[in-house]
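# Summary of the model geometry
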Amino acid sequence: MNSSNASKPCPADVALIADIGGTNARFALTDLDAPSPTLREPRSLPASEFASLQHAAEHYLREVGVAPKRGAFAVASPADRDEIRLTNRSWSFSRSELQRTLGFDELRVINDFGAVAWAVPALTQADRATLHGPTTGPLRGPVTVIGPGTGLGVALLVGSEERGWQAVETEGGHVSFAPLGDEEQAIARWLTAQFGRTSNERVLCGAGLAHVDAVLRGVTHDLDARPALRDPADIVAAALEGHDVAARRALARFCAVLGSVAGDAALIHGARTVVIAGGMVPRFLPFLRSSAFRERFLAKGRFAAYLESVAIHVITHPQPGLLGAAMALRASTRNAA
């Protein structure tokens, strides 16, 4: 369909879902009565081309030519109040006003990483890569969901297949970084000099990898000038190509720290499963497997044996935010029934 098509009413079981980030606004339709969540008519729109989320959503609905009555939006910001302001995009909106403007009977707004957690129970074997543990069988909760990307997301998924699942949004990425060894102490000092405090997110995100690379290459911190940083994607590419020793060293340190932080989060949550999300890790899965990730994940003293039994997966599904928005809306439907 194209933008010239007039909107037509949707069946009651068809809803609009969205994953709204700082760069892209992703939309799709989903069939709420289908046996498993579906993504129909997925589109990714450049957020910079629209004045507001309302305009982007209306543009998408005109393109697909439908007028659904329900929706779920995953947004890159806290989503626990009526007034929502995106963290990395100058968009803000009132949840109740947007619902009214779009003509929805229900609009659910959730945090974007909370949506990733909601997606986990819907993942098939083809949607994930297993680092440790069984590749098949029911998902065992509690589930720690952790994702390095633009920032570091951390969420908790509780429940079971029988009782249903519930995602708990957290700010676990902002926990203080606990460096181990001289290299990580140097990284922590460099980041603290730059930002006043070093959280896990300062290390485990795209910018964090660039900072780790700069520290390990001996780039000095200058209060009067921003340090020259390499692009994170270039660091990963150079590390995988194999000839850039500094890039391989930086990516190896990143993987080791990710193992430590994932193990800590699993202990805090009492997790039986850890799921790694985000756009970074799927790009270097073989490197991660051969890194110190698992060694550091298990390096928790008396609780190494507990962590030995925790399954670890990496999400490879291309649109987990949309999938999670669909799952959250389906859960809302079941609870209202």
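Residues numbered from 1 in each chain as written. Predicted model: local features only at pLDDT ≥ 70, side-chain atom pairs only at ≥ 80, totals over all residues. Heavy atoms only, no water.

### With respect to the overall build of the protein chain
In terms of regular secondary structure, the protein chain is built from 12 helices and 15 strands. Within the protein chain, buried positions represent 50% of all 337 residues. Restricting the contact set of the protein chain to residue pairs at least 6 apart, pairs at least 24 apart contribute 66%. In the structure as shown, the protein chain presents an accessible area of about 15,300 Å², 51% of it carried by carbon and sulfur atoms. Between the averaged position of the 34 positive side-chain charges in the protein chain and that of its 34 negative side-chain charges there is a distance of 3 Å. (Helix = DSSP H or I, 4+ residues; strand = E, 2+ residues; numbered from the N terminus. Buried < 20%, exposed > 50% of the residue type's maximum accessible area, 1.4 Å probe, protein only. Contact = heavy atoms within 4.5 Å. Areas by Shrake-Rupley, 256 points an atom, 1.4 Å probe, with all protein chains shown as cover. Lys, Arg positive; Asp, Glu negative; His and termini not counted. Charge placed at Lys NZ, Arg CZ, Asp CG, Glu CD.)

### Description of the layout of surface pockets
In this structure, the largest pocket occupies an estimated 1,500 Å³ of space. Contributing to the lining of the largest pocket are 49 residues, with Asp112, Phe113, Gly149, Thr150 and Gly151 lying nearest its centre. Mapped onto the lining of the largest pocket, the elements with two or more residues apiece are β2 (14-20), β3 (24-31), α3 (112-119), β12 (152-160), α7 (232-241) and α12 (320-336). Residues belonging to the lining of the largest pocket are distributed by class as follows: 18 nonpolar, 23 polar and 8 charged. (1 Å grid on protein atoms, 1.4 Å probe; cavity = no way out; pocket = protein on both sides within 12 Å on 5 of 7 lines; lining within 4 Å. Points joined across faces, edges and corners; volume = space filled by probe spheres on them. Nonpolar A, V, L, I, M, F, W, Y, C, P; charged D, E, K, R; others polar.)

### Structural notes on the pattern of salt bridges
As enumerated under the stated definition, the model contains 15 salt bridges in all. Ionic pairing is found between Arg40 and Asp31, a salt bridge with its closest N-O pair at 2.9 Å. Given the relative accessible area of 36%, Arg40 is considered partly exposed. On the accessibility criterion, Asp31 (16% relative accessible area) is buried. We note a salt bridge from Arg70 to Glu106, for which the minimum N-O separation is 2.6 Å. Placement of the pair is Arg70 in strand β6 (residues 70-75) and Glu106 in strand β9 (residues 106-111), with a sequence separation of 36 residues. Look at the salt bridges and you will find they share partners, linking Glu183, Glu184, Arg249, Arg253 and Arg296 into a network. (Salt bridge = Lys/Arg side-chain N within 4 Å of Asp/Glu carboxyl O.)

### Thoughts on the sheet that holds β3
Strands pair in a sheet through their backbones, by hydrogen bonds, and they do so in one of two ways: parallel or antiparallel. Strand order in the open sheet formed by 5 strands is β4-β3-β2-β6-β9, and the pairing between neighbours is mixed. Each edge of the open sheet is held by one strand with a lone partner, namely β4 (40-46) and β9. The sheet shows a mean angle of 15° between the axes of neighbouring strands, direction not considered. Of the strand pairs in this sheet, β6 and β9 are connected by 6 bridges, and their pairing is parallel. The partner of Gly71 across the bridge, within β9, is Leu107. Seen against the sheet, helix α2 (residues 95-102) touches β6 and β9 and runs at an angle of roughly 135° to β9. Sheet strands touched by α3: β2, β6 and β9. Its angle to β9, the strand with the most contacts, is close to 100°. (Pairing = 2+ DSSP bridges. Axes fitted to C-alpha atoms, helices over the stretch in contact; angles between N-to-C directions.)

### Comments concerning the sheet that holds strand β15 (residues 311-315)
The strand order β10-β15-β14-β11-β12-β13 describes an open sheet built from 6 strands, whose pairing is mixed. The outermost strands of the open sheet, each flanked by one partner alone, are β10 (128-132) and β13 (164-169). Strand-to-strand, the axes of this sheet are offset by a mean angle of 25°, without reference to chain direction. With 4 bridges connecting them, strand β11 (residues 143-148) and strand β14 (residues 273-276) associate as parallel partners. Bridging from a neighbouring strand, Val145 pairs with Val275 of β14. Strand contacts of α3: β11, β12, β13 and β15, with the helix running at about 155° to β13, the strand carrying the most contacts. This element, helix α8 (residues 245-269), spans β11, β12 and β14 of the sheet and lies at about 150° to β11.

### Some details on α3
For α3, a buried count of 7 out of 8 residues is recorded, marking the element as mostly surrounded by other parts of the structure. A side-chain oxygen of the first residue of α3 lies 2.8 Å from the backbone nitrogen of Phe113; this N-cap is Asn111. (Polar contact = N/O pair within 3.5 Å; in protein donor to acceptor, adjacent residues only side chain to side chain.)

### Some points on the confidence of the model for the protein chain
Overall, the prediction assigns the protein chain a mean pLDDT of 91, with 93% of residues at 70 or greater. Scored below 50 in pLDDT, residues 1-5 makes 11 contacts in the model with residues more than four places away or belonging to other chains. (pLDDT = per-residue confidence, 0-100.)

### Regarding the side chain of Thr198
Within the secondary structure, Thr198 sits in the loop between α4 (181-195) and α5 (200-203). Of the polar contacts made by the side chain of Thr198, one reaches the backbone oxygen of Ala188; its length is 3.2 Å. A polar contact is formed between the side chain of Thr198 and the side chain of Thr192, at a distance of 2.8 Å. Excluding residues that lie within four positions of it along the chain, Thr198 makes contacts with Ser176, Phe177, Ala188, Leu191, Thr192 and Val203.

### With respect to the state of the cysteines
For the structure on display, the rule yields 0 disulfides. For the unlinked cysteine Cys205, the closest cysteine sulfur is that of Cys255, found at 14 Å. (Disulfide = S-S within 2.5 Å.)

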